[in-house]
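Chain by chain, the residues:
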Amino acid sequence: QVQLVESGGGLVQAGGSLRLSCAASGSIFSIGAMGWYRQAPGKQRELVATITRGGATNYADSVKGRFTISRDNAKNTMYLQMNSLKPEDTAVYYCNADIRATPLSSVYNYWGQGTQVTVSS
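This structure is a prediction, so every number in the text was calculated from the model and none was measured.

Draft legend 1. Looking closely at the environment of Val-117. Here Val-117 shows up in strand β11 (residues 115-120). Residue classification places Val-117 among the buried positions, given a relative accessible area of 0%. Separated by 17 residues in sequence, Val-117 and Arg-100 place their C-alpha atoms 29 Å apart. The residues touching Val-117, leaving out its near neighbours within four places in the chain, are Gly-9, Gly-10, Leu-18, Leu-20, Met-82, Asp-89, Thr-90, Ala-91 and Tyr-93.

Draft legend 2. View of the pattern of salt bridges. Counted under the stated rule, the structure contains four salt bridges. In this structure, Asp-61 and Lys-64 form a salt bridge, with 3.1 Å as the shortest nitrogen-oxygen distance. Considered together, Asp-61 and Lys-64 belong to a single accessibility category, that of exposed residues. Each of Arg-38, Glu-46, Arg-66 and Asp-89 takes part in salt bridges that share partners, so that together they form one network.

Draft legend 3. Spatial organisation of the packing of aromatic side chains. Across all of its chains, the model carries one aromatic pair by this definition. On the numbers, 5.0 Å between centres and 65° between planes, the contact of Tyr-37 with Trp-111 is edge-to-face. One end of the pair, Tyr-37, is in strand β4 (residues 30-39); the other, Trp-111, is in strand β10 (residues 107-111), and 74 residues separate them in sequence. The cationic tip of Arg-45 hangs over the ring face of Tyr-94; the distance from NZ or CZ to the ring centre is 3.7 Å. Above the ring of Trp-111, the side-chain terminus of Arg-45 is found at 4.6 Å from the ring centroid.

Draft legend 4. Just the sheet that holds strand β1 (residues 2-7), in detail. On the basis of which strands lie adjacent, the open sheet formed by four strands has the order β1-β3-β8-β7 and antiparallel pairing. Bordering the open sheet on either side are β1 and β7 (67-72), each of which pairs with just one other strand. The mean inter-strand angle of the sheet, taken between neighbouring strand axes irrespective of direction, is 15°. In this sheet, strand β8 (residues 77-82) lies alongside β7 in antiparallel orientation, the contact comprising six bridges. Bridge pairing in β8 links Thr-68 to Gln-81.

Each value, and the rule that gives it
- Residues numbered from 1 in each chain as written.
- Predicted model: local features only at pLDDT ≥ 70, side-chain atom pairs only at ≥ 80, totals over all residues.
- Heavy atoms only, no water.
- Helix = DSSP H or I, 4+ residues; strand = E, 2+ residues; numbered from the N terminus.
- Buried < 20%, exposed > 50% of the residue type's maximum accessible area, 1.4 Å probe, protein only.
- Contact = heavy atoms within 4.5 Å.
- Salt bridge = Lys/Arg side-chain N within 4 Å of Asp/Glu carboxyl O.
- Phe/Tyr/Trp six-rings, centres within 6.5 Å; stacked < 30°, edge-to-face > 60°.
- Lys NZ or Arg CZ within 6 Å of the ring centre and 35° of its normal.
- Pairing = 2+ DSSP bridges.
- Axes fitted to C-alpha atoms, helices over the stretch in contact; angles between N-to-C directions.

This is the structure in structure tokens:
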């Protein structure tokens, strides 16, 4: 059983910072690409940033220069450092990962339960 658990969300004023974490646990042989997504009320879920196992990153235009995605492969953990937060960053943030449970198993895609980020103006 694989689980992704996000933490670090909360309420912050505009211009402030938050650091989200996503910890993967359970039966894990390897983790491939990981990513952060967000969903604001009444809107579709959108990509925020992704990172490969080797560390290559990709960001949505709306967060470039403000957010930094990183990961610690030894700890099966991914992070999102969010600086210069804006009210429009308010959303539930979800982590996502491609995980292989055993050397012979297929790769499956997993989602966390989400963590709320609220930015006040």
